[in-house]
Amino acid sequence: MPVKSFDLATIESLSQVLGDTSEGLTGTQISKFLSECNIYDPGLNSTKWKRLYDSLKMKQEADRCANNIVVFIQHIMRPSRHLDKQEWYEDTRAKLNRVLSFEGLELEETGVIKTVSQTRTISEADARAAKLKQSLLSRKVHPDVLRFCRAELLVDNYFHAVFEATKSIAEKIRIKTGLTLDGTALVDEAFSFNNKIPHLALSTLQTASEQSEQKGFANLLKGVFGTFRNATAHAPKVTWVIEEQDALDILSTISLIHRRLDGAIEAQKMYRAQP
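Overview of the structure. Nothing here was measured: the structure is a model prediction, and the numbers come from that model.

Cut-off values and rules
- Residues numbered from 1 in each chain as written.
- Predicted model: local features only at pLDDT ≥ 70, side-chain atom pairs only at ≥ 80, totals over all residues.
- Heavy atoms only, no water.
- Helix = DSSP H or I, 4+ residues; strand = E, 2+ residues; numbered from the N terminus.
- Buried < 20%, exposed > 50% of the residue type's maximum accessible area, 1.4 Å probe, protein only.
- Contact = heavy atoms within 4.5 Å.
- Lys, Arg positive; Asp, Glu negative; His and termini not counted.
- Charge placed at Lys NZ, Arg CZ, Asp CG, Glu CD.
- Phe/Tyr/Trp six-rings, centres within 6.5 Å; stacked < 30°, edge-to-face > 60°.
- Lys NZ or Arg CZ within 6 Å of the ring centre and 35° of its normal.
- Salt bridge = Lys/Arg side-chain N within 4 Å of Asp/Glu carboxyl O.

So, the overall build of the chain
Helix and strand counts for the chain stand at 14 helices and four strands. Seen through its principal axes, the chain has C-alpha atoms that stretch 75 × 40 × 30 Å. Taken over 275 residues, the chain has a buried fraction of 46%. Of the contacts made within the chain by residues no fewer than 6 positions apart, 62% connect residues no fewer than 24 positions apart. Computed over 36 positive and 35 negative side-chain charges, the inter-centroid distance for the chain is 2 Å.

Quick word on the packing of aromatic side chains
A complete count under the given rule lists two aromatic pairs for this structure. A ring pair is formed by F159 and F163, whose centres lie 6.2 Å apart and whose planes are at 10 degrees; its orientation type is stacked. Residue F159 and its partner F163 are both found in helix α9 (residues 159–177); the two are separated by four residues, about one turn of the helix. One exposure class covers both F159 and F163, and it is buried. Centroid distance F191 to F217: 5.5 Å. Interplanar angle 70 degrees. Geometry classified as edge-to-face. Residue F191 is located in helix α10 (residues 183–191), and its partner F217 is located in helix α11 (residues 208–228); the two are separated by 26 residues in the primary sequence. Like F191, the residue F217 is buried in the burial classification. The side chain of K85 reaches across the aromatic face of W88, ending 5.1 Å from its centre.

Focus: the pattern of salt bridges
Inspection of the entire model under this criterion finds 19 salt bridges. For K114, the salt bridge is made with E106, and the minimal N-O distance between the two is 3.8 Å. Using a relative accessible area of 11% as the deciding quantity, one classes E106 as buried. A salt bridge links E171 to R174; the shortest N-O distance between them is 3.2 Å. In this pair, E171 and R174 are both assigned in helix α9, three residues apart and thus about one turn of the helix distant. On the basis of relative accessibility, which here comes to 38%, the residue E171 falls in the partly exposed class. For R174, a relative accessible area of 18% corresponds to the buried category. A cluster of three or more residues bridged by salt bridges with shared partners is formed by D91, E164 and K167.

Honestly, that's just the spatial picture; any functional story needs more than this.
Here it is in structure tokens:
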């Protein structure tokens, strides 16, 4: 089924996302993917995104439709290609979807582009972001959560705002501990106190109640990471859409986690400082 030709501004924006200087494809990857999709690279520009723009624009003009641009994006964003770059994949997919939404399309987590309701103005996404932020402000959520109420994360639905906010938890733990792990391994190393001093403690861990609280908080962190960060947990996202109320509740939980992390004791430093 033919996909109507994209506006040239759409092709430009898609090219800028994929050819971003610091986070986009390398020049070698661009050449490889264009070749694999039988898209001619005229070599008119050395700048990566301009190379992509020239190639995709010429292909659309020859085809008189955007089918091969869709195929090209799906080829690049095939999930099996990015097993070790999950964060890059989700970040790039969110940026691509912000652009694709103006053509009434969406790149699913499966790597397939589907038809969705068309976004007509940037203000639609901005308005959604403003509404979410205002609701969170009324709940007095942690400032570290508010910065994920961005329009580019909310064009599709609230999933990406939640996903990004979840990543901020792991980042805060790494900053406070100096660890380089992620997910469950990070939580276990940071909070476990079985036969060792934990990196972080919510209390002195002197009583059974305090120890139970520490274990429960670690389990809460693992649950949040497992739900929103594990690759296998992302598969149901095709049918799982986070609505506004769900996002508010989840982000409020993440806010609680941030506040507890802010107050956590850097236990290993404390014990090393003791005479």
